[in-house]
Amino acid sequence: MTLIGKKFSNEKKNIIRHDIGFILGKNGWIFLVGTAVFMVLIPFFTAGLPGDSIFDIEVTHDQLKFRLINENIFTAVMAVSVIMGLMTGSCIFRFVQDKKETTIFFSMGMTRTQIFINRMSVAFSMLAVMTAVPMLLSVILNVSALGMYQALIRNALFLWAGLFLMASVSCVVSVIMCFISGSLMELMVYWICGMSAPTVLCLGFNMLMKKLYWGNAWGVTTYSGAEQIRESLLEKFSFLNPILFFKNDLASHSQFMRPLSTDVPEDVSWIVIAGWFAALIIMTAAAWWLLRCWKAENSGITGNNRLMAEMTAAFTGFIVFSFVFSYLFDSSVWLSVAAGLAAFAATHMFWKKAGIFGSVKKRSQFISALLQASVIAVICVVFSTGFFGGTERFIKKSEVAQVKVNYTGDPSCLYEEATGSSTGHGYYVVSHLKLEDIESINKTKDLHMMFQQSGRKPMKGSDNPEEVVIPYDISFSYIEEDGTERTWYYDRASYGQLESMLEIENLSEVKSGQKGLFEVSDSGSVKVLTKQAYDVGTIYITDPYLSETYELTLGEDMRRQLLKAIGEDISQMTLDERYFPEESTEAVLMFSQTGEDDSKYFAYHLDNTFLYLTSRYKNTLKWLEENELLQYVKGEQKIESITLQRMNPYIGINIPDYPMGMYFMSYFADSSDDFMIQKDFGNKYVIDDPDKIQEVTAGLRNGYYMSRGGYLAAVKLDGQDGYRYMFLPEIYVPDFVRK
């Protein structure tokens, strides 16, 4: 009995060795190809590229301590990991889709469990080595070029574990799909469906939320593209995505460029890797169970898996519907719904023709498609109702520690960081005020409720200026007591809503922040350009028509006195006095960090601030008078002509697709066609009659909030080149202009 047992044992070992040798011999090319590709992507792109090598001091600048993977090929490295996993798993278990090979392999005297163990062991080993060898070589090259540095080995092991895990997950998914498909094409379809399911769901949900969920901030960036309001759902849930779960860690730990603040690389977190390793074990066990239950007579027969067929049709139908619906939504809601449903139906018909539904009856497939469409309809209802009024419930009931809200007023009074752009004619600035007082929080909630209840109005003009809706970035962020941040974003606003947003400046917290702008420091705030301009910018004074400009050379004490006077005046004025002045401008002050260039045109950008001094600026005018500075801007100017154009953003052929600052700030230009809004056709209204000019001139303003309508005016002075652009509020428009 002992001799016989040894004989059987040796035969079994020989069969296993033969099987493993056969697997390696038949699939070794995958290992060689994978290793070669990773050798190019990892060590070569790290050290071998001319002009981008770790051996080049122009690249490292003595600050790069290690670079294991070039940041320019992260996507390629992840893609190759996933693809090599697919190739390894599908090729090693390809035999289950061929009846002849299935009969041969299952007649070799090995159990299905042993066959599974042999093949998975080879697959995992190939993937481990093909990712480890290039990573080891990258470590050696880094030590040779830059020397050993702390955390180099740790990060290399971490990166290897992540890439190996990505490849292994892809491999096991392909193995599972081998057992539930009947052909290579069906396997590929199911593998793509399984691997991309989280991506499809996140992209589809995000597309629908952007169009249906009023206030959605997920995956939204500002019009300038400079700020992402909230990460996309795809980014938010990337840790659950078999294709993307290692993306952030790969970017964070593949290299270390030493900053000034610390010489220690960031700690790695093994949580995501541990989670996916556990998932890999579960999926491997599921693959083993499927092989044990697999029926050999199903080999090579397609259309046998109804569940995967339905999932494939559902996911592809959903993403196609979402794309078509989102693309057409702004044109017509009903058209987008009809076209989306048509695309969804076409997708189902395509899969039916492709054969993945096998012998399923048309009636059965129609019912399943109807159920899937019903699920999509429910999703759309949930989003379009704001999760059944969830936003309103949050605004009414939630207690928060801090709010952040957009500032829409005079950019010269910005006391927080800002981003923006300027064309020389118009400008647009984005800045968020951080507020913590109960009064401020409640006011912000009131404004938020105003936007939420107004709904998504179409961007269009109106005879009533307050109802004109334009593109604009409006966001409301709430930070709760536990640190959770919730954000809502609105991509449009009416003139009336933007004017209402000015009420924020009545809050004591905001007044305090603006007051700080006029308290001199030696260098200003590094981050707040407005503060820098007031503290260290060159000061210019000019008349309302920007015709005579003088640079003011003030000592530290005199600058402090001037800013104090300005701060006192602003703090005492009402919003109407600041934004809708009844009085004409007596003088213009500019604080500029680029004065040599900007003092000619007086156009706003982030390095400049402007103050349009009316009689309400009593302390400022008094100080200028006492220091004999006001006399330089009191000369009378004769106007030759005034060219008027209605302040209507929809006056041109093209609908505006970019916001504009609503606070008009006067500027100088060389021609009469430099209005902040361009009119594409028709003649502009030119006034050259002296009596009419005088009547219009009385209403011209340098600084004015345009929410109540009016005209843009290009003023030509007698005997002078160029045009001074000012604003004529609707309330001061003469009757002869209205006609």
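Here the structure is a predicted model, which means the values were calculated and not measured.

1. Some words on helix α7 (residues 184-212)
Then comes step 1: Helix length check: α7, at 29 residues, gives a terminal C-alpha distance of 39 Å against a target of 42 Å (1.5 Å per residue), a fit within 8%.
Then comes step 2: The axis of α7 is deflected most strongly, by about 60°, at Ser 196, and proline Pro 198 appears within four residues downstream.

2. As for the packing of aromatic side chains
Then comes step 1: Applying the stated criterion across every chain yields a total of 42 aromatic pairs.
Then comes step 2: Ring centres of Tyr 149 and Phe 256 lie 5.9 Å apart, and the angle between their planes is 25°; on these two criteria the pair is classed as stacked. With Tyr 149 in the loop between α5 (112-146) and α6 (152-180) and Phe 256 in strand β4 (residues 255-257), this pair connects stretches of sequence that are 107 residues apart. Pair check on accessibility: Tyr 149 and Phe 256 agree, each one buried.
Then comes step 3: On the basis of an interplanar angle of 20° and a centroid distance of 4.8 Å, the ring pair of Phe 245 and Trp 276 is categorised as stacked. In this pair, Phe 245 is assigned in the loop between α8 (233-236) and α9 (247-253) and Trp 276 in helix α10 (residues 271-293), connecting sequence segments 31 residues apart. Both residues of the pair, Phe 245 and Trp 276, count as buried.
Then comes step 4: Members of the aromatic cluster, joined through ring pairs, are Tyr 579, Phe 580, Tyr 663, Phe 664, Tyr 667, Phe 675, Tyr 704, Tyr 705, Tyr 725 and Phe 727.
Then comes step 5: Across from the ring centre of Trp 218, 4.2 Å away, lies the NZ or CZ of Arg 230, which sits over that ring.
Then comes step 6: In this structure, Arg 708 packs its charged tip against the face of Phe 580, placed 3.6 Å from the ring centre.

3. Quick look at the nonpolar core
Then comes step 1: With 197 residues, the main nonpolar core has Ile 69, Leu 589 and Phe 591 as its most contacted residues.
Then comes step 2: Among the elements that take part in this core, α6 stands out by supplying 20 residues, more than any other.
Then comes step 3: Apart from the residues within four sequence positions on either side, Leu 589 is in contact with Ile 539, Tyr 540, Ile 541, Leu 552, Leu 562, Ile 566, Thr 609, Phe 610, Leu 611, Leu 613 and Thr 620.

4. Re a negative patch on the surface
Then comes step 1: A surface patch of like charges, here negative, comprises Asp 688, Asp 689, Asp 691 and Glu 695.
Then comes step 2: Secondary-structure assignment places Glu 695 in helix α23 (residues 690-697).
Then comes step 3: Look at Glu 695 and you get partly exposed, because its relative accessible area is 43%.

5. Points about the sheet that holds strand β17 (residues 685-687)
Then comes step 1: Read across the sheet, five strands follow the order β16-β20-β19-β14-β17 without closing on themselves; strand pairing throughout is antiparallel. Unpaired on one side and paired on the other, β16 (667-669) and β17 mark the two borders of the sheet. Here the strands of the sheet are splayed against their neighbours by 30° on average, with no regard to which way each runs.
Then comes step 2: Here seven bridges tie strand β14 (residues 639-646) to strand β19 (residues 710-717), and the two strands are oriented antiparallel to one another. Looking across to β19, one finds that Thr 643 is bridged to Ala 714.
Then comes step 3: With respect to the sheet, α23 is in contact with β14, β17 and β20 (723-729), its orientation differing from that of β14 by roughly 60°.

6. A look at the pattern of salt bridges
Then comes step 1: Per the counting criterion, the structure on display carries 22 salt bridges.
Then comes step 2: The salt bridge involving Glu 485 is made with Lys 404; its shortest N-O contact spans 3.3 Å. Placement of Glu 485 in strand β9 (residues 485-494) and of Lys 404 in strand β5 (residues 402-406) is noted, with a sequence separation of 81 residues between them.
Then comes step 3: Residue classification places Glu 485 among the partly exposed positions, given a relative accessible area of 32%.
Then comes step 4: Connected through salt bridges with shared partners, the residues Arg 646, Glu 730, Asp 735 and Arg 738 form a single ionic network.

7. Observations concerning helix α12 (residues 333-354)
Then comes step 1: In this model, α12 (22 residues) spans 31 Å end to end at C-alpha, consistent with the 32 Å of a helix rising 1.5 Å per residue.
Then comes step 2: Listed in full, the buried residues belonging to α12 are Ser 336, Gly 340, Ala 343, Phe 344, Thr 347, His 348 and Trp 351. End-on view of α12: buried residues confined to an arc of 140°, all on one side of the axis. In α12, those exposed residues whose orientation departs by more than 90 degrees from the buried face are Trp 334, Met 349 and Lys 353.
Then comes step 3: Packing partners of the buried residues in α12 comprise α7, α11 (306-329) and α13 (362-384).

The rules we used
Residues numbered from 1 in each chain as written. Predicted model: local features only at pLDDT ≥ 70, side-chain atom pairs only at ≥ 80, totals over all residues. Heavy atoms only, no water. Helix = DSSP H or I, 4+ residues; strand = E, 2+ residues; numbered from the N terminus. Expected span 1.5 Å × (residues − 1). Bend = angle between axes of the 7 residues up to and from the residue. Phe/Tyr/Trp six-rings, centres within 6.5 Å; stacked < 30°, edge-to-face > 60°. Buried < 20%, exposed > 50% of the residue type's maximum accessible area, 1.4 Å probe, protein only. Lys NZ or Arg CZ within 6 Å of the ring centre and 35° of its normal. Core = buried A, V, L, I, M, F, W, Y, C linked by side-chain atoms within 4.5 Å. Contact = heavy atoms within 4.5 Å. Patch = residues over 30% accessible without salt bridge, like charges linked within 9 Å, V, L, I, M, F, W, Y side chains within 5 Å. Areas by Shrake-Rupley, 256 points an atom, 1.4 Å probe, with all protein chains shown as cover. Salt bridge = Lys/Arg side-chain N within 4 Å of Asp/Glu carboxyl O. Lys, Arg positive; Asp, Glu negative; His and termini not counted. Charge placed at Lys NZ, Arg CZ, Asp CG, Glu CD. Pairing = 2+ DSSP bridges. Axes fitted to C-alpha atoms, helices over the stretch in contact; angles between N-to-C directions. Arc of directions from axis to C-beta.

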